[in-house]
Every structure is written in C-alpha cells, then in structure tokens.
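# Summary of structural features
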Amino acid sequence: MATVTPPTQEEIENLREKVRREVEKNGEENFAKVDLERLNSDEAYIGKFWLHAQQMDGDNKENTVKLVVDTLLWRKKFGVENISEDTINKEHTRHSLNIRVQFFYKS
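Read on for an overview of the structure.

Cut-offs and rules
- Residues numbered from 1 in each chain as written.
- Predicted model: local features only at pLDDT ≥ 70, side-chain atom pairs only at ≥ 80, totals over all residues.
- Heavy atoms only, no water.
- Core = buried A, V, L, I, M, F, W, Y, C linked by side-chain atoms within 4.5 Å.
- Buried < 20%, exposed > 50% of the residue type's maximum accessible area, 1.4 Å probe, protein only.
- Helix = DSSP H or I, 4+ residues; strand = E, 2+ residues; numbered from the N terminus.
- Contact = heavy atoms within 4.5 Å.
- Phe/Tyr/Trp six-rings, centres within 6.5 Å; stacked < 30°, edge-to-face > 60°.
- Axes fitted to C-alpha atoms, helices over the stretch in contact; angles between N-to-C directions.
- Parallel < 35°, antiparallel > 145°, perpendicular 65-115°, else oblique.

Further remarks concern the nonpolar core. Of all hydrophobic cores here, the largest spans 17 residues; its most connected members are Val-19, Phe-31, Leu-39, Val-68 and Leu-72. Looking at this core, the elements that each hand over two or more residues are helix H1 (9-26), helix H2 (33-41), helix H3 (43-53) and helix H4 (60-77). Among residues more than four places away in sequence, those in contact with Leu-39 are Arg-16, Val-19, Tyr-45, Ile-46, Val-68 and Leu-72.

Below, the structure written as structure tokens:
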C-alpha cells in the first residue's frame, strides 16, 4: 500500500481554487453554503479528500477536486445540511438501534 501524505498549504489553496471554478461551472445554487464555507475554512476537511484520492488511480489533485465536487453536489441533492436530531424520525432510529442490539447479542 502506498504511503499517504497530507497536502501542503500550497496544495490546499490550489485545490480550493480548482473547486471554486468547478462550483461556478456547476452553479453555486447546487451546493450548500455551509459545505462551501467548511471547505474554505477547514483544512482537515479538504485533507480527508486528498488522503482518500491518494488511494485512487490517476492524478491526485484532479481526483481530489472530483471527490469534493461530487460529494458536495450529493450532499446538496439530499439535503444533508438540513439533517438534525429534530428532523430524524425517532421510530427509525429506535428500530435501527434494536436491530444493532439484536445482532450484537446474537454474535
């Protein structure tokens, strides 16, 4: 397995700029504002995409940008930024917990 290395500050800024261009191309309305803010303020967040992209074939920078853009588009499409404890159906949560507990005790 290849050694993974975190991005440098210069690489982070370069990635952010490339993602900004892709956001403009795809339409900023297709991205959640909170996700774009996090991308621009949280270096560890973009670093996770970078580390994952190192495990893929091809150019690491281009793979990182694609992963970021695809992920943020998906998050907006499914309204992930609107999910909270108040919006989750409590019955589904209890049912899921019961299944996990039953599985644990059967193992």
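Now for the packing of aromatic side chains. Summed over the entire model, instances satisfying the criterion amount to two aromatic pairs. A centroid spacing of 5.2 Å and a plane angle of 85° characterise the contact between Tyr-45 and Phe-49, whose relative ring orientation is edge-to-face. Of the two residues, Tyr-45 and Phe-49 are both situated in helix H3; the distance of four residues between them amounts to about one turn of the helix. Across the pair, exposure class does not vary: Tyr-45 and Phe-49 are buried alike. On the numbers, 5.2 Å between centres and 45° between planes, the contact of Trp-74 with Phe-78 is tilted.

In this structure, Asp-35 sits in helix H2. Overall, the relative accessible area of 3% leaves Asp-35 in the buried class. Those residues in contact with Asp-35 that sit more than four places away from it in its chain are Leu-72 and Arg-75.

To continue, consider the packing of H1 against H3. For the pair H1 and H3, interaxial distance at closest approach is 11 Å and the crossing angle is 85°. In terms of orientation, H1 and H3 fall into the roughly perpendicular class. On the side of H1, the interface is formed by Gln-9, Glu-11, Ile-12, Leu-15 and Arg-16, while H3 contributes Glu-43, Ile-46 and Trp-50.

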